[in-house]
Amino acid sequence: MCGIVGYVGHRDVTELLLEGLRRLEYRGYDSAGIAVQHGAEISIRKKAGRVHELGKLVEANPVAGTAGIGHTRWATHGETTDINSHPHVGGNGEVVIVHNGVVENYTTLRAQLQQRGYVFRTATDTEVIAHLIAHQLSEQLKLGSDPERPDTYVTAVLAALAQCKGTYGLAILFRDAPNLLIGARLGSPLVVGVGQGEFFLASDPSPLVGYTDEVVYLSDHELVVLTPAGMELRHRDSGSLTPSIQTIEQTPADIELGDFEHYMLKEIFEQPTTLENAMRGRLDDDEATAKFGGLNMEPQQLRRIDRIVLTACGTSWHAALVGEYLLEEFARIPTEVEYASELRYRNPPLTDTTMIFAITQSGETADTLAAMRECKRKGHPTLAICNVVGSTIAREADGGIYLHAGPEIGVASTKAFTSQVTVLTMLALYLGRMRHLSYPAGHRIIQQLREIPQKVAQALESFETVRKIASKYASYDNFLYLGRLYNFPVALEGALKLKEISYIHAEGYPAAEMKHGPIALVDPNTPSVFIVPRGGIYPKVMSNLEEVRARGGPVIAVACEGDDEVADMADDVLFVPEVDEFLQPLVTVIPLQLLAYQIALLRGCNVDRPRNLAKSVTVE
Ligand code: M6R
């Protein structure tokens, strides 16, 4: 949450910062701001609202310079007003910062600083850091430190951060040290872009795309000193470090909308390709299994695993639920799915042979990271299924599997879900083939997986039908989503998609569980979305569907092509191609993603930037 961008070099920084903020806007869009340095002066422009509002402000009051910082905010402390927008100023303007994170002890620090005469202009926790750095800087200068030396500023920053409890990703400018940009990280991501005589700072690599493909990911307690002449990476305790420069593979096309109206729609339609990418090079026909390059565990170690814990949040948690069914069915390994926000504070009994998987698109979700760290601390092998290369979770896990889905920018997760389910299917195949799964069974799974991108492309053909159905139901205020077995997590996911982007109340339930309470909600104003493709449990779900019909509830069904029985019973049907039961989530979720998208559009909602949300939840 919150996006940070910074630059020092030879370019005019203003448009670079604004473009960086546009690319980071998915991380938070309550307000935006920039600070631009020109000589011993730092000009700030900031505004509540989206980056384009800030753009208008800057157009009316231009600023220019070759060093600057910018921020797009997801508010934690203080309302979304112009004054609370970042950047924030410390002392009498000698320090200017942008911050992603939370200062937990800010009330105590604020009171101490007020006693020392510092005047607070905002209701944010961040202003405390700005004043603390300014205070430490004045102490350094009183002690005779040289204001020309970057070390003076580094010492002040480290002394200030030592007093803060909580998390931060920071970019800092100093009025009296033009061309000096300091970044610091604890808990909130920060990446340095390395150019020729220029350096970038950002919460993720997207603002760097098109400028440089060389990056250095900061780890916790690291600080980076950037000037046009070079970079110095330091650890809070151990001093100078040698930066490990990595190459990013994003291209400008990856983060552009192309012909699509919204990122969510683009990402929904990318799924046939992203699923191909998730499987590429990982299906082994000779051995009838899957193979992964980065698990970093010996087959003997994997063979001994007798319990798996999958931990995640939101949509990734729904993918994990599908994973539970897959791992138990194919690998016969008892599997549990834990909310990361619960697991991080629980103390479940885990044995030496328990394997933990953190599942996350962003690789930065605070709860998932904390749950993973807690398990690692106890000595368990902790792996990640992650999309964003170089993210904190990807770097800290003992090993893992990348989704290769490309950047997911729409706040509502779509392509990450299907890629996660695909990777979990391959994982179940791999672990299953080490155990009881026969060669022919493994071979069949591979064949069926290979057909999936084409089946997903067919499911996307429901687009026009979905549009018509959406217009019929867009004004309803409550929905139920019902499915069983592999389609129960899909019901949860369909409901989540609808509520997060269209603000309609929706509940996902196992279809048969409905009788134990939610059926009381059924009436002519509460549509039920039944996920009822053919399979072993089909007649049972059909009975549940009848029960809803009998009580006058409208029914939208997701069913297999050519299923006339469902077509007769439901008010509306969305057809998907027939696939084996264990692969159904990959096709049944498609019309539900489209339905949520279309309904949100019809209700005039901002599909890619739903209210109160941010793409990557990096606070607790
Ligand atoms: O990046 P992660 O997969 O760890 O994110 C987890 C959730 O925050 C995320 O899936 C969220 O629920 C999405 N907005 C759902 O569309």
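Residues numbered from 1 in each chain as written. Predicted model: local features only at pLDDT ≥ 70, side-chain atom pairs only at ≥ 80, totals over all residues. Heavy atoms only, no water.

S.K.: I'm lost on the overall build of the protein chain in this one. Help?
M.R.: The number of helices and strands found in the protein chain is 19 helices and 27 strands. Whereas a compact globule of 620 residues would reach a radius of gyration of roughly 25 Å, the protein chain reaches 26 Å, a difference of no more than 12%. In terms of principal-axis extent, the alpha carbons of the protein chain reach across some 85 × 55 × 40 Å. Contacts spanning at least 24 positions in sequence make up 71% of the contacts within the protein chain whose residues lie at least 6 apart. Of the roughly 22900 Å² that the protein chain leaves accessible, carbon and sulfur atoms contribute 48%. (Helix = DSSP H or I, 4+ residues; strand = E, 2+ residues; numbered from the N terminus. Rg over C-alpha atoms; globule rule 2.2 N^0.38 Å. Contact = heavy atoms within 4.5 Å. Areas by Shrake-Rupley, 256 points an atom, 1.4 Å probe, with all protein chains shown as cover.)

S.K.: What am I meant to see in empty space enclosed by the protein here?
M.R.: Left-over empty space is what a probe sized like a water molecule reveals as it rolls over the atoms. Under the definition given, this model contains two cavities of 30 Å³ or more. Taken as a whole, the largest cavity encloses approximately 100 Å³ of empty space. As for the largest cavity, its lining consists of 15 residues, of which Arg484, Asn487, Pro533, Ile537 and Gln584 are closest to the centre. Across the lining of the largest cavity, the residue classes break down as eight nonpolar, four polar and three charged. In this structure, the second largest cavity spans a volume of roughly 60 Å³. (1 Å grid on protein atoms, 1.4 Å probe; cavity = no way out; pocket = protein on both sides within 12 Å on 5 of 7 lines; lining within 4 Å. Points joined across faces, edges and corners; volume = space filled by probe spheres on them. Nonpolar A, V, L, I, M, F, W, Y, C, P; charged D, E, K, R; others polar.)

S.K.: How should the environment of Asn387 be read in this particular structure?
M.R.: Within the secondary structure layout, Asn387 lies in the loop between strand E21 (382–386) and helix H12 (392–396). Look at Asn387 and you get buried, because its relative accessible area is 7%. Distance in space between the C-alpha atoms of Asn387 and Ile69 is 27 Å, their sequence separation being 318 residues. When residues no more than four places from it in sequence are discounted, the contact partners of Asn387 are Thr360, Gln361, Tyr402, Leu403, His404, Ala405, Gly406 and Glu408. At a separation of 3.0 Å, a polar atom in the side chain of Asn387 contacts the main-chain amide nitrogen of Ala405. (Buried < 20%, exposed > 50% of the residue type's maximum accessible area, 1.4 Å probe, protein only. Polar contact = N/O pair within 3.5 Å; in protein donor to acceptor, adjacent residues only side chain to side chain.)

S.K.: Would you mind going over the site of the ligand with me for this structure?
M.R.: Near the ligand lie 15 residues; those nearest to it are Ser316, Thr360, Ser362, Thr365 and Glu500. Residue Gln361 places a main-chain N or O atom 2.7 Å away from an oxygen atom belonging to the ligand. Lys497 is positioned such that a nitrogen or oxygen atom in its side chain is 3.0 Å from an oxygen atom of the ligand. Isolated, the ligand exposes 410 Å² of accessible area, and the fraction of that covered by the protein chains is 92%. Applying the majority rule of atoms within 2 Å of the grid points places the ligand in the second largest pocket. Counting only elements with at least two residues in the shell around the ligand, the list comes to helix H9 (314–331) and helix H16 (488–502). Split into classes, the residues belonging to the shell around the ligand amount to five nonpolar, eight polar and two charged. Two domains share the shell around the ligand, each providing at least three of its residues, namely domain 2 (260–437) and domain 3 (459–607). (Near = heavy atom within 4 Å. Sits in = over half its atoms within 2 Å of the grid points. Domains from an automatic or database assignment.)

S.K.: Help me understand the pairing of strand E24 (residues 505–510), please; the structure alone is not making it clear to me.
M.R.: Here is the key point about a regular strand: its side chains alternate between the two faces of the sheet. Here strand E23 (residues 478–483) runs beside E24; their pairing, made up of six bridges, is parallel. For Asn478, the partnering residue across the bridge sits in E24 and is His505. Regarding topology, H16 serves as the crossover connection from E23 to the parallel E24, and that connection is right-handed. (Pairing = 2+ DSSP bridges. Right-handed = clockwise from strand over helix to strand, strands pointing away.)

S.K.: Teacher, can you tell me more about the sheet that holds strand E19 (residues 335–339) here?
M.R.: Whenever strands of a sheet pair, they do so through backbone hydrogen bonds, lying parallel or antiparallel. Strand order in the open sheet made by the five strands is E19-E18-E20-E21-E22, with parallel pairing throughout. Here the strands that pair on one side only, and so sit at the sheet edges, are E19 and strand E22 (399–402). Neighbour to neighbour, the strand axes of the sheet diverge by 20 degrees on average, direction disregarded. Pairing analysis gives four bridges linking E21 to E22, with the strands arranged parallel. Its bridge partner lying in E22, Leu383 is registered against Gly399. (Axes fitted to C-alpha atoms, helices over the stretch in contact; angles between N-to-C directions.)

S.K.: Hey, could you run me through the domain arrangement of the protein chain in this one?
M.R.: Many authors give the size of an interface as the accessible area that is lost as the parts come together. Looking at the protein chain, the domain boundaries give domain 1 (3–254), domain 2 (260–437) and domain 3 (459–607). In this structure, domain 1 and domain 3 have C-alpha centres spaced 45 Å apart.

S.K.: Sorry if this is basic, but what is going on with the nonpolar core here?
M.R.: One broad rule of soluble globular proteins: the nonpolar side chains tend to lie buried together. Ile308, Leu310, Met355, Phe357, Leu431, Phe479 and Tyr481 are the most contacted members of the largest nonpolar core, which has 97 residues in total. In contact with Leu431, other than residues within four places in its own chain, are Leu302, Ile308, Leu327, Ala331, Ile333 and Met355. One finds Tyr118, Ala134, Cys164 and Leu186 within the second-largest nonpolar core, a separate group that totals 33 residues. (Core = buried A, V, L, I, M, F, W, Y, C linked by side-chain atoms within 4.5 Å.)

S.K.: Any chance you could explain the layout of surface pockets here in plain terms?
M.R.: There is about 860 Å³ of room inside the largest pocket. What lines the largest pocket is a set of 41 residues, among which Gln250, Asn387, Val389, Gly406 and Pro407 lie closest to the centre. Secondary structure elements with two or more residues in the lining of the largest pocket: helix H7 (271–279) and H12. Take the lining of the largest pocket: its biggest share by element is three residues, from H7. In terms of residue class, the lining of the largest pocket is built from 13 nonpolar, 16 polar and 12 charged. In terms of domain composition, the lining of the largest pocket takes at least three residues from each of domain 1 (3–254) and domain 2 (260–437).

S.K.: What is the right way to look at helix H17 (residues 538–550) in this model?
M.R.: Count 3.6 residues to each turn of an α-helix, and residues three or four apart come out pointing the same way. The terminal C-alpha atoms of H17, which comprises 13 residues, lie 18 Å apart, in line with the 18 Å expected from a rise of 1.5 Å per residue. Here the buried face of H17 lies against strand E25 (528–531), strand E26 (555–560) and helix H18 (564–569). Gly552 sits one or two residues past H17 and shows a positive phi near 80 degrees. (Expected span 1.5 Å × (residues − 1).)

S.K.: Looking at this structure, how should I read the sheet that holds strand E3 (residues 42–48)?
M.R.: On the basis of which strands lie adjacent, the open sheet formed by eight strands has the order E3-E2-E4-E1-E10-E9-E11-E15 and antiparallel pairing. The strands lining the two open edges of the sheet, one partner per strand, are E3 and strand E15 (246–247). Bridge count for strand E9 (residues 191–194) against strand E10 (residues 199–202) is four bridges, and the pairing is antiparallel. Across the sheet, Val191 pairs through a bridge with Ala202, a residue of E10. Here helix H1 (residues 13–24) sits on the sheet in contact with strand E1 (3–8), strand E2 (31–37), strand E4 (67–73) and E10, set at roughly 155 degrees to E1. Lying over the sheet, helix H2 (residues 51–60) contacts E2, E3 and E4, oriented at roughly 135 degrees with respect to E3.

S.K.: Just to check I follow, could you spell out the environment of Ala288 for this structure?
M.R.: Here Ala288 shows up in the loop between strand E16 (283–284) and strand E17 (289–290). For Ala288, a relative accessible area of 0% corresponds to the buried category. Sequence separation between Ala288 and Pro577 is 289 residues; the distance between their C-alpha atoms is 25 Å. Excluding residues within four positions of it along the chain, Ala288 makes contact with Leu429, Arg433, Tyr439, Gly442, His443 and Ile446.

S.K.: Help me out: how do you make sense of a negative patch on the surface in this one?
M.R.: Residues Glu546, Asp564, Glu565 and Asp568 make up a contiguous surface patch of negative charge. Here the element with the most residues in the negative patch is H18; it accounts for three residues. Mapped onto the secondary structure, Glu565 falls in helix H18. (Patch = residues over 30% accessible without salt bridge, like charges linked within 9 Å, V, L, I, M, F, W, Y side chains within 5 Å. Salt bridge = Lys/Arg side-chain N within 4 Å of Asp/Glu carboxyl O. Lys, Arg positive; Asp, Glu negative; His and termini not counted. Charge placed at Lys NZ, Arg CZ, Asp CG, Glu CD.)

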